[in-house]
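Spelled out from the first residue to the last, the chains are:
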Amino acid sequence: MVSSWPDCWTSLQWDYFRITHTFLLCEGGKLGCRICQTVQTLGPNRSSEGSSTKRNLAYEWVNVKIDGAGNTKSARQKSLREKVRLHGESDAHKDAEKILSTRSKHFMQLTVIQQLGPSCRLPTASPGRWIGGRPPDMVASCDLSG
Ligand SMILES: [Zn+2]
């Protein structure tokens, strides 16, 4: 039987791990990274950010292939713990976190505009009003009275 978490851990240990490392993903006993996987699957939009977005997302973490190395249970536990820690601190993972938070902010702004309707003036329509090269706050530029 394939357990839904790494078999060197008890369900309690796994619960603890996924609560303290919210990016963890598990399929068929292998670990992966939710955040890296999401960034990887964001799709064609990535190309608009330039070629630098060919990032070094860790293949094994994106494809849920992380396994503990070692002959004994405790060796595998140690190996997995170390891999999880290293991944959480890796540049690739931190990059993915940044992309995701930028995107969710962007998504929220779009949602606000959609909810406010057409009376909302997009800052891009009046570039003269941009402050310091940045658009004024989107919500502030909306006509909320209508
Ligand atoms: Zn990651």
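Residues numbered from 1 in each chain as written. Predicted model: local features only at pLDDT ≥ 70, side-chain atom pairs only at ≥ 80, totals over all residues.

### Side note on the confidence of the model for the protein chain
Put simply, the rule is: The pLDDT value expresses, per residue, how confident the predictor is, ranging between 0 and 100. This entry defines residue contacts through backbone-placed C-beta atoms, with two residues in contact when those atoms are within 7 Å.
Per-chain confidence: the protein chain averages 77 in pLDDT, with 66% of residues scoring 70 or above. Across residues 44–54 the pLDDT falls below 50, and counting only partners more than four positions away or on other chains, this stretch makes 1 contact in the model.

### Some points on unusual backbone geometry
Our working definition: The helix count covers DSSP runs of H or I at least four residues long, the strand count covers runs of E at least two residues long, and both are numbered beginning at the N terminus.
The backbone phi angle of V64 is positive, close to 55°, even though this residue is not glycine. Topologically, V64 is positioned in the loop between α3 (59–62) and α4 (73–89).

### Regarding the environment of S79
The line we're drawing: Field definition: a residue is buried when 20 or more other C-beta atoms are found within 10 Å of its C-beta, exposed when 12 or fewer are, and partly exposed for counts in between, with C-beta atoms placed from the backbone.
Mapped onto the elements, S79 comes out in helix α4. S79 gets classed as partly exposed once you count the C-beta atoms within 10 Å, which come to 16. For S79, the contacting residues outside a window of four places in its chain are G68, A69 and G70.

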